[in-house]
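# Summary of the model geometry
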Amino acid sequence: MPSELFVVGLNWRTAPVSVREKLAFHDEELEACLTALVSQELLEEVVILSTCNRVEIYGCTSKSSPASAVSQATSQVRAFFGQSRSYPAEKLADVLYEHQERDAVRHIFQVAAALDSMVVGESQILGQLKAAYGAASQYNTIGVMLGRCMERAFGVAKRVRTETGISRGAANVSSVAVELAKRVFGDLSGKNVLVVGAGKMSALAARHLRADGAAQICVTNRSPAKAEALAEEIDGIARPWEELEHEISKADVIITSTGAREPVLTKKLMKRAMKMRRYKSCFVMDIAVPRDVEVAVGKIEGVYLFDMDDLERLVAENLKERSREAEAASALVESEVIGFDTWMRQQQVVPTIRALREHFHDVAMAEVDRSLAGIQKTQDPAQQEEMVRRLGRSIANKLLHTPMNALKQDGEVELLAKATHQLFSLSTNADEDSDTSAAVSEVVVGTQKKA
Amino acid sequence: MPVTEIVTTAPSPAFYLAGAAYIAASVFYLSSLGPIPAWVKRAARLAVVCAFIAHGIDIGWRGVEHVHPGTSVREALGFLSWIFVGSYLLVARREGLFVLGTFVAPLALVVLAAARLSPSGQAVAGLTSLGRLHIASATIGLAILLLATVVSTIYLMQQRNLKHKNFDGVLFKASASLETLELLSKRLIAIGFPIFTVSMILGAIWAAQLREGFDRVEWPISAITWLTYGSLVVGRQLGGVRGRKAALLTLVGFLSALLVLAIYLVRRAGGM
């Protein structure tokens, strides 16, 4: 029975984070777990993927395993999950899913292409899958089948990313804010950022801006201590609240998230600040609820104002677009699954091809060896020619003997005849040909005599 | 200016090739605003390069036939379209800005068609080398200023998208940032405006040589064009004029230049 691929695991759809964290594998456990799994009788190759959103074990049964091996192997993996994670089997059954053969390949390809991710098209999963593959390679628990499947999965992920728009557009509020700021400034390097208030969201957005090259991040808050703390956290500079107007006039990007009940950035204040900066573009991101910036500020020349609703709307639109692109990506994955399935089926007939080749070679060589002495003894070309002809007939007879007998058996005659036609590209009326019938009888009789 | 002689020649095969390539480029560029495979973008770039080369060959062919780009309005418009596309290719090579091609390719096609359909083929009386130089430099200047106008138009559209939070606007995702567009427009005007200024000086000398007065309506409008661009350059330098205001001034400047061209065309059509 050939090797078969399978997947057993759980993800964000089937299990809450409280379960996922219990069943997760830590990096330091990987060697022991991979080795333990691969030492099981039916398992030949194993990869463990453990991320915050999914825990999956990819496996491949050994070549020598029986027909039902894949079902037994998945049961073994399920049992391993329960034992190694000390998790009750009955609860495990509710959260674990499994895929076999073609479905398993499809699943691995979809995971790599981030089609099965919580945020469709996210880029992290590919790196995590590569790390899982790297660990399996390091501990020698991966072979030809699973290795080839994983490598193809990386190729599929690359194709999906380049040929579809699945990764287009930011998918969270902070990234969207950076994306919008880039629509105004292009490059954020050298831009000054002002954080007004000390909320967690503004810290996150400021970090994103810093990662994109923002030069200086100033933090101002009514409470100087909170401003100092946030400035230290995001590697910025704390500024006194009294200098707000001056700081606004210097800032290219302003993030506001105070807890004030009334707007902090009024139209009057912003107009004065914009005049001071000679109406150079200013990107204002108001992520406070209630809002910190008066709506009228957005009408001032050079000011680009966005609030939480705008950012969330853009996130939703980007995700909607990604979902649309996911359809094209799924079609692409499906074509790759078919390609891989063909390769797998080819791999399954490799031992048969090898055995057939060896058998033909052995028969032919045995007959050649037997005839060679006689051919070398005589100098007469006519005799030599006759001997070579006899050798040819002898090889053909020997090779045809077993298939002929099989064809004459009462069993699956029609099926075998059809297969023979296909394998040797025989014409359809060959069976009705009297010469052929005679030849068949001759072969059978000849081989029987020799036997 | 009175006309004296017929100066025209049949288009070369390269002209038709250029026309076809401009059509193909326009189709590819316009379709590339949506989600399309990468090869369409490559095809668009290739088509516009082919169009530019074929168009250049046609202009060269006409030169061999003694039809100078400064000979008539028809030739000048064709030349303007070619310089316009050439400037775009230089910009695209340096800055990327694929979205610009979406405007440039169809516009180049329109200008080329206008050149073919314009009532020309007649040379201006007293068309000296100075006159030709005036027309040629004005054409080059206008072509660059046209590109700056296109950039400013994209700027205004993108700015509107951002101000009105129109995230699903066609240009929103395809366009470059406001700062990039503004900088590009500024650079193009910094190149186009001096050339345009030189062409105006050459035109004034040529008119004086022909003993023509400066009472024609083109002159005050040309002066308005020059003053608009001049104030834009100075305003930008002093720091007060930027963003939407600068983009609008670019558009106003080009519209007045276009008015000069239209008056000139009408005058030529009427044989005045």
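The present account deals with the structure reproduced in this document. (Residues numbered from 1 in each chain as written. Chains lettered and ligands numbered in written order. Predicted model: local features only at pLDDT ≥ 70, side-chain atom pairs only at ≥ 80, totals over all residues.)

### Focus: the overall build of chain B
Of the regular secondary structure elements, chain B holds 9 helices and 2 strands. The helix and strand sequence of chain B, counted from the amino end, reads β-α-α-α-α-β-α-α-α-α-α. By residue count, 42% of the 272 residues in chain B fall in the buried class. (Helix = DSSP H or I, 4+ residues; strand = E, 2+ residues; numbered from the N terminus. Buried ≥ 20, exposed ≤ 12 C-beta atoms within 10 Å, placed from the backbone.)

### Observations regarding helix H7 (residues 144-163) of chain A
Residues and elements named next belong to chain A. The terminal C-alpha atoms of H7 lie 28 Å apart, and with 20 residues this matches the ideal 28 Å at 1.5 Å per residue to within 8%. Looking only at H7, the buried set comprises Met145, Leu146, Cys149, Met150, Ala153, Val156, Ala157 and Val160. One side of H7 carries all its buried residues, which in axial view fall inside an arc of 125°. Opposite the packed face of H7, turned more than 90 degrees from it, sit the exposed residues Val144, Glu151 and Thr162. (Expected span 1.5 Å × (residues − 1). Arc of directions from axis to C-beta.)

### Observations concerning the pairing of strand S8 (residues 253-256) of chain A
Both faces of the sheet carry side chains from a regular strand, because those side chains alternate between them. Residue and element names in this part refer to chain A. Residues of S8 alternate between two faces, with Val253 and Ile255 on one and Ile254 and Thr256 on the opposite face, all of them buried. Sheet analysis places strand S5 (residues 192-196) next to S8, joined by 4 bridges and oriented parallel. Across the sheet, valine 196 pairs through a bridge with threonine 256, a residue of S8. Direction of pairing for S8 relative to strand S9 (residues 282-286): parallel, over a ladder of 4 bridges. When the bridges of S9 are listed, isoleucine 254 appears paired with valine 284. (Pairing = 2+ DSSP bridges.)

### Structural notes on the interface of chain B and chain A
Contacts between the two partners involve 17 residues from chain B, matched on the other side by 18 residues from chain A. Sorting the residues of the side of chain B that touches chain A by element identifies helix H5 (129-163), helix H7 (178-209) and helix H9 (243-269) of chain B as the ones contributing at least two each. (Contact = placed C-beta atoms within 7 Å.)

### Observations concerning the sheet that holds strand S1 (residues 5-11) of chain A
Residues and elements named next belong to chain A. Strand order in the open sheet formed by 4 strands is S2-S3-S1-S4, and the pairing between neighbours is antiparallel. Each having just a single partner strand, strand S2 (43-50) and strand S4 (97-100) make up the two edges of the open sheet. The average angle at which neighbouring strand axes cross in this sheet is 15°, direction not considered. Note: S1 against S4, 4 bridges, orientation antiparallel. Bridge assignment links valine 7 to a residue of S4, and that residue is histidine 99. Seen against the sheet, helix H2 (residues 30-38) touches S2 and strand S3 (54-61) and runs at an angle of roughly 150° to S2. Sheet strands touched by H7: S1, S2 and S3. Its angle to S2, the strand with the most contacts, is close to 35°. (Axes fitted to C-alpha atoms, helices over the stretch in contact; angles between N-to-C directions.)

### Describing the packing of helix H8 (residues 173-185) of chain A against helix H13 (residues 308-377) of chain A
All names here are of chain A. Where H8 contacts H13, the two axes come as close as 9 Å, and the packing angle between them is 95°. Here H13 runs roughly perpendicular to H8, going by the angle between their axes. In this structure, H8 contributes Val173, Val176 and Ala177 to the contact, and H13 contributes Leu311, Glu312, Leu314 and Val315. Here the contact of H8 with H13 is composed, by residue class, of 6 nonpolar, no polar and 1 charged. (Parallel < 35°, antiparallel > 145°, perpendicular 65-115°, else oblique. Nonpolar A, V, L, I, M, F, W, Y, C, P; charged D, E, K, R; others polar.)

### Here we look at unusual backbone geometry
Located in the positive-phi region is A:Glu101, a residue other than glycine, with phi close to 50°. Relative to the helices and strands, A:Glu101 resides in helix H5 (residues 101-112).

### Describing the environment of B:Gly243
Tracing the backbone through its elements, the reader meets B:Gly243 in helix H9. The spatial distance from the C-alpha of B:Gly243 to the C-alpha of B:Leu178 is 8.1 Å, given a sequence separation of 65 residues. Residue contacts for B:Gly243: discarding those within four places in its chain leaves A:Tyr279, A:Ser281, A:Glu301, A:Gly302 and B:Glu182.

### Structural notes on the environment of A:Val289
Residues and elements named next belong to chain A. With respect to the helices, strands and loops of the structure, valine 289 is situated in the loop between S9 and strand S10 (303-307). In this structure valine 289 comes out as exposed when scored by C-beta crowding, with 11 C-beta atoms within 10 Å. Once the C-alpha coordinates of valine 289 and serine 257 are considered, the two residues, 32 residues apart in sequence, prove to be 7.8 Å apart.

### Quick word on the packing of helix H2 (residues 38-64) of chain B against helix H3 (residues 73-95) of chain B
All names here are of chain B. Orientation of H2 relative to H3, taken along the N-to-C sense of each, is 145°, at an axis distance of 10 Å. The interaxial crossing formed by H2 with H3 has left-handed handedness. Facing H2, whose interface residues are Val48, Val49, Ala51, Phe52, His55, Gly56, Ile59 and Arg62, H3 presents Glu75, Gly78, Phe79, Trp82, Val85, Gly86 and Leu89. Looking at the contact of H2 with H3 residue by residue, the classes come out as 9 nonpolar, 4 polar and 2 charged. (Left-handed = near helix turned anticlockwise from the far one by under 90°.)

### Observations concerning the pairing of S3(A)
All names here are of chain A. Buried residues dominate S3, accounting for 8 of its 8 residues. Burial of the side chains of S3 extends over both faces: Arg54, Glu56, Tyr58 and Cys60 are buried on one face and Val55, Ile57, Gly59 and Thr61 on the other. Bridge count for S2 against S3 is 7 bridges, and the pairing is antiparallel. Counted as the bridge partner of glutamate 45 is cysteine 60 from S3.

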